[in-house]
Amino acid sequence: MTDTGPNLELGISPEDLSDGAMLMGRVGDRDVLVARRGEEVFAIDGLCPHYHAPLAAGLLVGDTVRCPLHHACFSLRTGAALRAPALDSVACWRVERSADRIIVRERLKTAARPAPIAGTPSPRSIVVLGGGVAGVAAAVALREEGYEHELTLLSADDSAPYDRPNLSKDFLDGTAPDAWMPLRTPKYYVRHDINLMLNATASVIDVGRREVTLQDGRILPYDGLVLATGADAIRLPIPGAAPETVRYLRTFTDARALVAQLTSARTAIVAGASFIGLEVAASLRKRGLAVHVVAPDAVPMARVLGPEVGRYIQGLHQAHGVTFHLGTTIAAAAGGSFTLADGQQVEADLVVAGVGVRPAVQLAQRAGLAVEDGVMVDEYLQTSAAGVYAAGDLARWPDPHSGERLRVEHYVLAQRQGQTAARNLLGRREKFDAVPFFWSQHYDITLRYVGHARTWDALSIEGSLAQGDCTIRYERAGRTLAVATIGRDRQNLEAEVALESAPPS
Ligand SMILES: Cc1cc2nc3c(=O)[nH]c(=O)nc-3n(C[C@H](O)[C@H](O)[C@H](O)COP(=O)(O)OP(=O)(O)OC[C@H]3O[C@@H](n4cnc5c(N)ncnc54)[C@H](O)[C@@H]3O)c2cc1C
Ligand code: FES
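Sequence positions are assigned chain by chain, starting from 1 and proceeding in written order. Chain labels run from A onward and ligand labels from 1 onward, assigned in the order the entries are written. Local features in a predicted model are, by the rule used here, given only for residues with pLDDT of at least 70; side-chain atom pairs are given and counted only at 80 or more, and totals for whole chains, interfaces and linings are based on all residues. To get the side-chain values, all heavy atoms of the structure are used, and hydrogens and water are removed first.

## Quick look at the packing of aromatic side chains
- Each pair of aromatic rings taken from Phe, Tyr and Trp, with Trp reduced to its six-membered ring, is defined by centres within 6.5 Å and is described as stacked if the planes are under 30 degrees apart, edge-to-face if over 60, and tilted in the remaining cases. Enumeration according to the criterion identifies 10 aromatic pairs in this entry.
- Taking 5.8 Å as the distance between ring centres and 90° as the angle between the ring planes, the aromatic pair formed by Tyr-188 and Tyr-189 counts as edge-to-face. The residues Tyr-188 and Tyr-189 share a single accessibility class, namely buried.
- Centre to centre, the rings of Trp-456 and Tyr-474 are 4.9 Å apart; their planes meet at 70°, and the pair counts as edge-to-face. Taken together, the residues Trp-456 in the loop between strand E32 (445-451) and strand E33 (458-464) and Tyr-474 in strand E34 (residues 469-476) connect sequence positions 18 residues apart. Each residue's exposure class comes from its accessible area (1.4 Å probe, protein chains only) as a fraction of the maximum for that residue type: buried when under 20%, exposed when over 50%, partly exposed otherwise. Put simply, DSSP H or I for four residues or longer makes a helix, DSSP E for two residues or longer makes a strand, and each gets a number counted from the N terminus.

As structure tokens, this is what we get:
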């Protein structure tokens, strides 16, 4: 519990809560948020169930509140988690009002599940193919939506769905224990009758017969399928390097193997100055390793964030002792000595390669689905085959905001697509119109980015990059395509709302 805010059992004056305001207080030992919309006052749990951010620091939008850290959205009326990354609802509390007092009483019972849609036959069996974040969000949403029939969550991974972004952050720097990583407890799957199959690789989807065949020959029939096979790390060939000295970071198993190797390592090369590569660099520095970043870029992340922001992030890493070798690549290795393409030599115990991912589309391709740098889906996330939806890193969807077809590798977006795909399998006909959002963490700086700007003709920075307090706007032909913020979480939410409500291009 936080120790701020008034005791809401004693109540507050209505003047302390103006229209559109939110306030964090306490009821017993619980943090509770009160929010006012016109004459209505709502009270819900005050901390986001995702990573416990105080919701009062977020944004009130209609009768919902958005979390300042990773933009989860909750209904003030029901407490329902309307949008990922939070998958759990928050509790509502009873509010009592008199002329001069707003008092919060007891916690209310959880709202009933949504009723099935009249006239829409529910599939008798659903297979969610892919146990990453899109897959688990789809499975959770199916049960939250009241789907009661057979549900299988199939994963080639050996671990139950986990917090993948944390692999390069708190888990790698040693602050997050293994126990933080699973997104659901083993009991959750049992309690919600989700047949979680791990180490289970699908090899064929027969969309005509509606069957998934596993590598071991087992056949899973389905009425509805969510394809969420994500992406695979691109491999980096380094002539002469022993395989165990070149590591990747996509799975929990990768992360554990890397952490085990770090106990005896003193120097690491990070190949690639991508978001993941630089997060790895920060985590390894925190563990005390010497870190060399080797990348072909002239400025890290300039393609996504622009050179000014890229140079700022590079400076941040340099200030923490990271050495950059830019405009070059690793050409060869001999023992612990790595030769770069420009002739430099770097001695290191291992290489962590963060050189991008490829959407895992092989199954979809073999099944005859439309694939073009990702599985093509319509605005409802349905693929070219009836009853087959796709979500997450592998899906390429028509984005109504940019007017472009997009495929991105963002955690929150993957989950939101999983949720929409699930609801549409149940006949809800929900268009996927979320504005893409991601965040990236480097030391004590977190950058948040909403929208999508592949290219831009104007970039403006309001505030101070050097002080880590600014808003960066990416525009094309006078239209804002994306907004990144550093140290301004609320403004990032405001930018998200503005992008959502901008007329489609
Ligand atoms: C280290 C790291 C850090 C990241 N940090 C951030 C961040 O800070 N912010 C952000 O927005 N995003 C971040 N991302 C990206 C984010 O994690 C991804 O966008 C997200 O995980 C994609 O989810 P997904 O479900 O589509 O795919 P995945 O999470 O990749 O899941 C795919 C699943 O499909 C399974 N699968 C694949 N093929 C088969 C098959 N044939 N049969 C059965 N199962 C199969 C896999 O085993 C896996 O379980 C990060 C990614 C990584 C790797
Ligand atoms: S802490 Fe609220 S969305 Fe992550």
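## Overview of the sheet that holds strand E15 (residues 219-221)
- As summarised here, the arrangement of the three strands in space is E13-E14-E15, forming an open sheet in which the pairing is antiparallel. A single partner strand is all that each edge strand has here, and the edge strands are strand E13 (202-206) and E15. Recorded for the sheet is a direction-independent mean angle of 20° between the axes of neighbouring strands.
- Strand pairing follows a simple DSSP-based rule, namely that at least 2 bridges must link the two strands. Note: strand E14 (residues 211-214) against E15, three bridges, orientation antiparallel. Note on E15: the bridge partner recorded for Glu-211 is Pro-221. Interaxial angle, 0 to 180 degrees, is taken between N-to-C directions of lines fitted to C-alpha atoms, where a helix line uses only the stretch in contact.

## Regarding the site of ligand 1
- We call a residue near a molecule or strand whenever a single non-hydrogen atom of that residue lies within 4 Å of it. In the vicinity of ligand 1, 34 residues are found, and the nearest of them are Ala-134, Arg-164, Lys-169, Arg-250 and Asp-393.
- In the model, an oxygen atom of ligand 1 is placed 2.9 Å from a nitrogen or oxygen of the Ala-134 main chain.
- N or O atoms within 3.5 Å of each other form a polar contact, as long as, within protein, one can give a hydrogen and the other can take it, and as long as residues adjacent in sequence are counted only when both atoms are side-chain atoms. For ligand 1, an oxygen atom lies 2.5 Å from a polar atom in the side chain of Lys-169.
- Computed on the free molecule, ligand 1 has an accessible area of 1000 Å², of which 92% lies beneath the protein chains in the complex.
- Contributions of two or more residues to the shell around ligand 1 are made by helix H1 (133-144), helix H5 (275-286), helix H9 (411-425) and strand E31 (437-442).
- Amino acids outside the nonpolar list (Ala, Val, Leu, Ile, Met, Phe, Trp, Tyr, Cys, Pro) and the charged list (Asp, Glu, Lys, Arg) are all regarded as polar, and Gly is one of them. In terms of residue class, the shell around ligand 1 is built from 17 nonpolar, 10 polar and seven charged. Surface accessibility in these figures is a Shrake-Rupley result with a 1.4 Å probe; residues are shielded only by whichever protein chains are displayed.

## Describing the sheet that holds strand E2 (residues 30-37)
- The strand order across the open sheet formed by three strands is E1-E2-E3, and the pairing between neighbours is antiparallel. At either end of the open sheet lies a strand with only one pairing partner, and these are strand E1 (22-27) and strand E3 (40-45). Strand-to-strand, the axes of this sheet are offset by a mean angle of 30°, without reference to chain direction.
- With six bridges connecting them, E2 and E3 associate as antiparallel partners. Looking at the pairing, Leu-33 lines up with Ile-44 of E3.

## A look at the side chain of Arg-416
- Turning to its location among the elements, Arg-416 is positioned in helix H9.
- Residue classification places Arg-416 among the buried positions, given a relative accessible area of 4%.
- At 2.6 Å, the side chain of Arg-416 forms a polar contact with the backbone oxygen of His-71.
- Once you skip the residues sitting within four places of it in the chain, Arg-416 turns out to touch His-70, His-71, Ala-72, Arg-83, Ala-84, Phe-432, Ala-434, Val-435 and Glu-496. Contact definition: two residues touch when any of their heavy atoms are within 4.5 Å.

## Side note on the packing of H1 against H9
- Two elements in contact, H1 and H9, have axes whose closest approach is 7 Å; the angle formed by their N-to-C orientations is 35°. Handedness of the H1/H9 crossing: right-handed. Between H1, through Val-133, Ala-134, Ala-137, Ala-138, Ala-141 and Leu-142, and H9, the contact on the second element is made entirely by Tyr-411, Ala-414, Gln-415, Gly-418, Gln-419 and Ala-422.
- Class assignment of the residues belonging to the contact of H1 with H9 gives a composition of nine nonpolar, three polar and no charged. Handedness of each helix crossing follows the sense of rotation of the near helix against the far helix: counterclockwise by less than a right angle gives left-handed, clockwise gives right-handed.

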